[in-house]
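Each chain is listed here by its residues.
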Amino acid sequence: MTEAVTDTPAFPMARGGCPFDLPPALVDRMHSEPISRVKIWDGSTPWLLTRYGDVRAILADPRASVNTEMPGFPNLSRGNAARAHIRAFINMDDPEHAAQRRLLTSDFMVKKMEAMRPRIQEIVNQLIDEMLAGPRPVDLVEAFALPLPSMVISELLGIPYADRDFFHKMSRLMVSRTATGTEAIDAAEQLTAYVAELAESKIAAPGDDLLSRLALEQLHTGRMTRDQVGGMGRLLILAGHESTANMIALSTAALLEHPDQLAIIRESDDPKVIASSVEELLRYLTILHIGIRRIALEDIEIAGQLIRRGEGIVLALDAANRQDMAFPDPNTLDVTRDARHHVAFGHGIHVCLGQPLARVELQVVYRTLFRRIPTLTLAKPVEQLNFKNDMFVYGLYELPVTW
Amino acid sequence: MKVLLDQTKCVSSGQCVLAAPAVFDQRDEDGIAVLLVANPDAELHEEVREAARICPALAIAVQEP
């Protein structure tokens with residue numbers, strides 16, 4: 001294996017036998033060269049950072065930009081690069097980013113998300129009722145994992161849940177690593193136009209929802225353009241359902257493969273145990289599994305390595321969350337550990353805006369699903385499941401379960 | 001223990017509220033953190049240290065004698 005040391009390894013790296021383990025080549029990078037160059041889809045060779053401390057440091061560093069339009073930015077895929085000019089605030093630096101993000105921060109406050117808990121519980125109960133009344137086996141993705149966050153984000157934003165097939169399809173094209181440039185641009189534009197049109201219609205007939213508020217306060221007053229409101233809504237729809245749906249399905253599969261851990265969750269009445277289980281599963285699974293991306297605006301020295309201005313940076317959140325310095329015995333799923341300092345939601349000014357919502361959704365799921373269906377089991381061996389290796393967000397295409 | 005909160009750095013992630021709800025809150029208009037208690041009792045110290053450690057904006061500092 002001496003050749004591997006001198007060759008620039010391709011990134012993302014392929015997973016090995018266990019779908020919950022890091023790719024072996026990524027583990028090799030972590031141990032042999034935690035900051036090193038990798039080759040991505042377009043042949044460019046950005047820096048790959050794998051250590052918890054280094055990843056956190058770059059995420060907190062204003063010299064590392066998220067501007068996907070800058071030449072040399074290490075975009076995730078061909079499709080992603082093609083739509084790099086269609087930027088939401090997650091692809092903008094401050095002060096532009098802060099100005100837009102701040103319009104939404106009150107909507108995702110911890111207490112507002114807590115206030116949604118009873119409604120989220122109601123949806124979870126209803127979906128489980130329907131599953132129990134239906135045939136077995138059932139695809140948990142279709143019957144539960146995808147509908148829950150889709151309904152929640154639809155209600156919060158004020159978009160008709162009846163349009164779900166459309167926004168699911170557009171979102172899938174936006175997070176696909178194999179979508180063409182045309183497909184990715186078309187999906188982003190269609191979703192933007194859909195939200196913009198809806199926002200316009202809400203000016204005359206506002207509801208008690210986020211999009212109505214943006215329509216009245218930002219669009220109607222001319223503070224934001226149609227395109228900006230559309231872009232913001234596009235981001236909220238995508239981030240609001242895609243990642244949570246994948247996290248629900250993937251963590252259910254992981255727990256079914258770790259029955260001792262599942263038993264701790266099922267048998268606990270303590271909200272703290274449920275909350276810590278959510279943090280540990282977020283850490284262990286880190287579904288943003290092909291690195292989040294930055295570009296250096298200036299020379300940055302990190303752990304003795306110089307990253308030059310204009311060079312791309314790939315931050316392996318999944319590797320950082322498996323570093324033993326930060327998480328002892330990192331490859332063990334232990335729902336009782338303190339994992340709250342994980343970087344599954346990122347870190348720094350771009351940390352996930354919707355994380356308080358995701359946490360409440362996952363907590364309600366873990367509290368309810370395994371109690372209502374205590375004999376829940378995989379209907380297919382885990383080796384035969386279809387994992388989302390070709391997506392930016394890791395997860396499962398289907399999760400056939402029975403009870 | 002003395003807790004210092006820099007609201008100009010805060011990104012409204014609410015992590016501190018989850019870690020130490022007796023010490024931090026979020027203001028209604030924009031979710032920016034507010035300090036409820038600047039000198040928390042000893043039984044809250046560990047929670048406050050955790051809040052400072054996990055704050056994504058590094059907006060919380062803790063001074064310990």
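About the criteria used
Residues numbered from 1 in each chain as written. Chains lettered and ligands numbered in written order. Predicted model: local features only at pLDDT ≥ 70, side-chain atom pairs only at ≥ 80, totals over all residues. Heavy atoms only, no water. Pairing = 2+ DSSP bridges. Helix = DSSP H or I, 4+ residues; strand = E, 2+ residues; numbered from the N terminus. Contact = heavy atoms within 4.5 Å. Axes fitted to C-alpha atoms, helices over the stretch in contact; angles between N-to-C directions. 1 Å grid on protein atoms, 1.4 Å probe; cavity = no way out; pocket = protein on both sides within 12 Å on 5 of 7 lines; lining within 4 Å. Points joined across faces, edges and corners; volume = space filled by probe spheres on them. Nonpolar A, V, L, I, M, F, W, Y, C, P; charged D, E, K, R; others polar. Disulfide = S-S within 2.5 Å. Buried < 20%, exposed > 50% of the residue type's maximum accessible area, 1.4 Å probe, protein only.

Asks: Account for the sheet that holds strand β2 (residues 47-49) of chain A, naming residues and giving values.
Replies: Residue and element names in this part refer to chain A. An order of β1-β2-β8-β5-β3 is seen for the five strands of this open sheet, with the pairing classed as mixed. Pairing within the sheet leaves two strands with one partner each, and these edge strands are β1 (35-37) and β3 (64-65). Judged from the four bridges that link them, strand β5 (residues 292-296) and strand β8 (residues 312-315) form a sheet pairing that is antiparallel. When the sheet's bridge partners are listed, Ile295 is paired in β8 with Gly312. Strands in contact with helix α3 (residues 52-59) are β1, β2, β3, β5 and β8; relative to β8, the strand with the most contacts, it is inclined by about 125 degrees.

Asks: Which residues make up the layout of surface pockets, and what are the values?
Replies: A volume near 680 Å³ is recorded for the largest pocket. Lining the largest pocket we find 24 residues, and of these Pro271, Lys272, Ala275 and Arg340 of chain A together with Leu18 of chain B sit closest to its centre. Looking at the lining of the largest pocket, the elements with two or more residues in it are α6 (110-115), α15 (271-285) and α17 (355-372) of chain A together with α1 (15-19) of chain B. Counted by class, the lining of the largest pocket contains 10 nonpolar, four polar and 10 charged residues.

Asks: Go over the state of the cysteines, please, and point to the residues and values.
Replies: All names here are of chain B. This structure, assessed with the given rule, holds zero disulfides over all chains. Looking at the unpaired Cys55, the closest cysteine sulfur is the one in Cys16, lying at 6.6 Å. Overall, the relative accessible area of 10% leaves Cys55 in the buried class.

It is worth stressing that arrangement in space is one thing and function is another; only the former is reported here.
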